[in-house]
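Architecture and fold: a report
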Amino acid sequence: MQLTEAERQDRTPVRIRTGAVIGALRRRKWVILATMLVVNGLALAALVALPPRYTATAKLLIEAQGEAGSDAAAAADPGMVQTQVNLLRSPSIAAAVIVGVGLETDLELAPPEARGVQLRRLLAPLPFVGGLAEWLPTEPPPPESVAPVQAMVPGFLRRLAVSRQPESRVVSVSFESGDREKAARVVNAVVEEYLGSRLAARRLQLDSTLAWVSTRVEELERELHRAEARLTDYMTEHGLARIGPSLPDGGEPPSLRREMAAARAERAVREARLAQLQGLQARGETLAALPEVGGSVIIQNLQQQAALLRAREAQAASTFGANHPALRELRAERDALDRRIAAETGNIVRSIVEDAGRARAREREMEQLLGESVQRDMASERAAVRLAELTRAVDAKSTQHRAQLLRLEELQERRELARPGAEVISAATVPQERDFPKPAILLGGGFLGSLVLGLGLAALREQQDSRLRATHQVEQALGLRNLALVPRVHARGPGALHRHVLEKPRSAYSEAIRALALGLDRLLATAPSKVLLVTSALPGEGKTTLAISLAAAMAQRGRRTVLVELDLRRPSVARQLGLGRHASVVEFIEGRSSLDEVVQATGRKHRLDVIAVHRQADNPGELLDSPRLLTLIQLLRQRYDYIVLDAPPSLGIGDVAAIGPAADAALFVARWGSTSSAAARLGVSALVNAGVTVVGCALTQVDLARHARYGYEDAGEYYASYRRYYRP
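Residues numbered from 1 in each chain as written. Predicted model: local features only at pLDDT ≥ 70, side-chain atom pairs only at ≥ 80, totals over all residues. Heavy atoms only, no water.

**Brief notes about the sheet that holds strand S9 (residues 608-611)**
Strands sit in the order S5-S12-S11-S6-S10-S7-S9-S8 across an open sheet of eight strands; the sheet is mixed. Looking at which strands have only one partner, the edges of the open sheet turn out to be strand S5 (482-487) and strand S8 (600-601). Judged from the five bridges that link them, strand S6 (residues 530-536) and strand S11 (residues 665-671) form a sheet pairing that is parallel. By the bridge assignment, Leu532 is partnered in S11 with Ala665. Where helix H27 (residues 677-689) meets the sheet, it contacts S6, S11 and strand S12 (694-702), and its direction lies at approximately 165° from that of S11. (Pairing = 2+ DSSP bridges. Helix = DSSP H or I, 4+ residues; strand = E, 2+ residues; numbered from the N terminus. Contact = heavy atoms within 4.5 Å. Axes fitted to C-alpha atoms, helices over the stretch in contact; angles between N-to-C directions.)

**A short note on the packing of helix H12 (residues 297-320) against helix H13 (residues 325-369)**
Two quantities define a packed helix pair, namely the angle between the helix axes and the distance between the axes. Between H12 and H13, the shortest axis-to-axis distance is 9 Å and the interhelical angle comes to 160°. Relative to H13, the element H12 lies roughly antiparallel. Note that H12 runs across H13; the crossing there is left-handed. Counting all contacts with H12, which are made through Ile298, Ile299, Leu302, Gln303, Gln305, Ala306, Leu309, Arg310, Arg312, Glu313, Ala316 and Ala317, the residues of H13 involved are Leu327, Leu330, Arg331, Glu333, Arg334, Leu337, Arg340, Ile341, Glu344, Thr345 and Ile348. (Parallel < 35°, antiparallel > 145°, perpendicular 65-115°, else oblique. Left-handed = near helix turned anticlockwise from the far one by under 90°.)

**So, the pairing of S9**
On S9, burial covers both faces: Leu608 and Val610 on one face and Asp609 and Ile611 on the other are all buried. Taken together, the two bridges between S8 and S9 define a ladder with antiparallel strand orientation. Across the sheet, residue Gln600 finds its bridge partner in S9, namely Val610. (Buried < 20%, exposed > 50% of the residue type's maximum accessible area, 1.4 Å probe, protein only.)

**Some points on the nonpolar core**
Ranked by size, the top nonpolar core spans 52 residues in total, and within it Leu478, Val585, Ile611, Leu636, Leu645 and Phe668 carry the most contacts. What Leu645 contacts, discounting residues up to four positions off in sequence, is Val531, Leu532, Leu533, Val534, Val564, Leu566, Ile633, Ile659 and Ala663. In terms of nonpolar packing, the next biggest core, distinct from the first, is built from 39 residues, Leu87, Leu109, Val149 and Phe156 among them. (Core = buried A, V, L, I, M, F, W, Y, C linked by side-chain atoms within 4.5 Å.)

**Details of the packing of aromatic side chains**
Per the stated rule, a full pass over the model turns up one aromatic pair. The lysine or arginine in question, Arg628, covers the ring of Phe588, its NZ or CZ lying 4.3 Å from the ring centre. (Phe/Tyr/Trp six-rings, centres within 6.5 Å; stacked < 30°, edge-to-face > 60°. Lys NZ or Arg CZ within 6 Å of the ring centre and 35° of its normal.)

**Notes on unusual backbone geometry**
The phi dihedral of Glu167 is positive, around 55°, even though this residue is not glycine. Tracing the sequence through the fold places Glu167 in the loop between strand S2 (160-164) and strand S3 (170-177). The class for Glu167 is exposed, based on a relative accessible area of 80%. Unusually for a residue other than glycine, Gln701 sits at a positive phi of about 55°. Secondary-structure assignment places Gln701 in strand S12. Taking relative accessible area as the criterion, Gln701 reaches 26% and is therefore assigned partly exposed.

**Structural notes on the sheet that holds strand S4 (residues 422-426)**
If you walk across this open sheet you meet the four strands as S2-S3-S1-S4, and the pairing is antiparallel. Unpaired on one side and paired on the other, S2 and S4 mark the two borders of the sheet. For this sheet, the mean angle separating the axes of adjacent strands, direction not counted, is 25°. Strand direction decides the pairing type here: S2 and S3, joined by five bridges, are antiparallel. Counted as the bridge partner of Ser163 is Ser172 from S3. Most of the contacts of helix H5 (residues 78-88) go to S2, to which it runs at about 170°, and overall it touches strand S1 (54-62), S2 and S3.

**Comments concerning the packing of H5 against helix H9 (residues 180-238)**
Running from N to C, H5 and H9 point in directions that differ by 120°, and their axes come no closer than 10 Å. Comparing their axes, H9 and H5 come out oblique. Of the two possible hands of crossing, H5 and H9 adopt the one that is right-handed. Counting all contacts with H5, which are made through Gln84, Leu87 and Leu88, the residues of H9 involved are Val190, Tyr194 and Arg198.

Printed below as a string of structure tokens:
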């Protein structure tokens, strides 16, 4: 009997049940275990096969304070720290480390084609695997433009990692290698090369400044000696001493004469500076020859900063290219410094011009005050003026000489105390644990991944598995009531299951057959004589065995029962019951035997009659479509209460369509865990199309232990609770 649409909806699960999930996991446990075994085996194989890689790390602290005279805030700027990071990854440092550590032939750093060539060299002499070397690349001619060390630099930089820690001036330097000791050795070599290059650059800059200052000191010393010699010669020639009371004063106050002499000397000095300036400007020469310009500390500092910027500009041009934003920023900073130098030089020029004007004004003032005195004592005054000029020249040269000596001492001290601008916080040590592959991550990830993949495959298999196993699956797929879960019985010999029903009435198999017979008896209670067709969708699903057992159970209940075998293509009833050769339904349909001649009794005790087929028919379709079959059924209705028709499968052949009109109802048989829902639906549809009323379905060969363990949530799930009620 088919279920109504409301009943089918009521029996459709609307939520995921814990028992169903557990049952699905039990059914697919081998899929899950196999997946986990394969994936974890691959993870373990990868852990063993993959070469280990170790990472050694050192940390540097970039100093915030720059050189003397530089801006500390600019030195601590993040851009400056990033510049040091780029310097640490520069090809020049990489090439120096490759040479210093001896990595010119290291396979880890070699280009892919070079690794293939070296592997070819290793395999070629071997006796058994030497032939494999022919498949490896041959050694190409070395390009003239690329040095061997330079060819290793890209591979070196791929394994070198330099990063700045956020919000700090700490820089981490790491190197990855299959040799843990080499990784630590390379990192320390990179750090040492960087610090050495930084210190050398600073000392080179200081040496350049020291050379210039030393030359300037020597020049000033010679100029001072010449000035002192001129002063001594003049005083000796005129019989004079240093400016003071011994100088003839011509009757005028000595203070006015000293002031006049000082004013004239100052004017002469200023005009000399002005004349030198104008001469340089007229010739278009640089103003750096002026002592005021060349000796200006501000200009010298600005020039030092400009030299540093030019060095950084050259390094940035070689690192980033001519149009990089960092290079443009450096050029802008250099232009700004040049403008500041020009502005400072202009200030000095204006100061010289203004000093000369003030000196001339001062001289004119003194001339007005001492006009008459100058006329009377011209000779003495000229001598005083000249003496004053020479004296001031000596003093000026002496002052400049002392200033440059002090600067020279300062630069020498700075050179001796020069530092690279960075310090090592922690040197690289030999790593004890591999960085890749990490056993915990690989095996743990493999376990979790295999579990997820196994569960996914199990869910996929479960979703794609449409084989009928449970009552609700039958009801959902076929729209039929599942009338019985018939257990699988391991019985051998002719008629074993038939005897099992009769001789072991308290077994699980016998109870299931009796329950099925009772259910069918109630469903067909209105008919005085019931003709039940038993079929399945496909062969081998246990329909014949079930038909025999069902007929035996009905006969045992006192019903006059006959089993008619109509599977003329693959007859098996006689073999299963151990019956001898006898006239069959084929002879009756052909008119060669009567009803009494084709009916066989299985014994007085069993009270079951059988019309069996002892050989395959040549034309089964024509025989089953014969009116004589309906005549046979009508005659049997007069003698028996139940007529069980063992029909052929409903799919693939049209025999059921011929048998269907003779039956009152049909019992559809599906094999537990074997018959797919699609095949079962097609089989039921064939019966319905033939006009047969399908009263229900029976699942045969049910493994009750597995059925209960897998949690199908039907009566079979509670088999273990009723085992004591059964007798094997």
